[in-house]
Amino acid sequence: MGSAEEEDLPATDMPRVVGVLSALLERVTERNDAATGPGALEPASGSAFRAMTKPGISVRAYMARIARFAGCSPACFVVGYIYLDRLLRRRRALAVDSYSVHRLLITTVLSAVKFMDDICYNNAYFAKVGGISLPEMNYLEVDFLFGVGFDLNVSPETFGHYCAILQSEMLCLELEPESLLPPTAVAAAPGSCCSAEQSTLFR
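Note that the structure is predicted; figures quoted are calculated from it, not measured. (Residues numbered from 1 in each chain as written. Predicted model: local features only at pLDDT ≥ 70, side-chain atom pairs only at ≥ 80, totals over all residues. Heavy atoms only, no water.)

## A look at the side chain of Thr29
Right, on to step 1. Tracing the chain through its elements places Thr29 in helix α2 (residues 16-35).
Right, on to step 2. Apart from the residues lying within four places of it in its own chain, the contact partners of Thr29 are Val59, Val96, Asp97, Ser98 and Val101. (Helix = DSSP H or I, 4+ residues; strand = E, 2+ residues; numbered from the N terminus. Contact = heavy atoms within 4.5 Å.)

And the structure:
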């Protein structure tokens, strides 16, 4: 899953929101990896989202790959983040760690793209982008949909709330909010959902 060349993708190859989200997920992944010590029960070992071995590509490089090849609107990554949180709230045993984070990402982004964008690639294409087989991609999508109870709608208020979370993360990373995302990302968001302060996430 991935290659050495992809590990070296520069930050300019992906929207800034992808960099912020990848930093957040990398921190969560590292924390959950550390929490699973020797002899500890591996979280959600029977989950379809949990790989047998750790993928050889970082979260940042994996998200850069998705951003590079998926051709989706930047707002899809915010919606994908919302979907991920919904799934984790419903499946308490599922942890975001090195074994699960990649499959969770490709599945939630795929679902967000289908719900948000008018034109998107099919599951076979996303499977190649994600480094998994088409049957796996199909199964993960169905498992995710049942996992969130087919609750894919995102209200403007919810979108704005998660904008604020990523905005805070961005400030912690000391990134420049004005260049986080292109202005066209605002049009892709579900309604007029961000306040003036939160909307810097999409500039």
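Back to the write-up after that little detour.
## Examining the nonpolar core
Right, on to step 1. Among the nonpolar cores identified, the biggest contains 54 residues, and Ile66 and Phe77 are the most heavily contacted of them.
Right, on to step 2. Counting only elements with at least two residues in this core, the list comes to α2, α3 (59-70), α4 (75-90), α5 (101-116), α6 (123-130), α7 (134-147) and α8 (156-172). (Core = buried A, V, L, I, M, F, W, Y, C linked by side-chain atoms within 4.5 Å. Buried < 20%, exposed > 50% of the residue type's maximum accessible area, 1.4 Å probe, protein only.)

## Quick word on the packing of α3 against α5
Right, on to step 1. Where α3 contacts α5, the axes come no closer than 10 Å and their chain directions differ by 25 degrees. When the interaxial angle is binned, α3 and α5 end up roughly parallel. Seen from above, α3 lies across α5 with right-handed handedness. Contact residues: α3 offers Val59, Tyr62, Met63 and Ile66, while α5 offers Val101, His102, Leu105, Ile106 and Val109.
Right, on to step 2. Of the residues belonging to the contact of α3 with α5, the class tally is 8 nonpolar, 1 polar and no charged. (Axes fitted to C-alpha atoms, helices over the stretch in contact; angles between N-to-C directions. Parallel < 35°, antiparallel > 145°, perpendicular 65-115°, else oblique. Left-handed = near helix turned anticlockwise from the far one by under 90°. Nonpolar A, V, L, I, M, F, W, Y, C, P; charged D, E, K, R; others polar.)

Function cannot be inferred from these measures alone, as they are strictly geometric.
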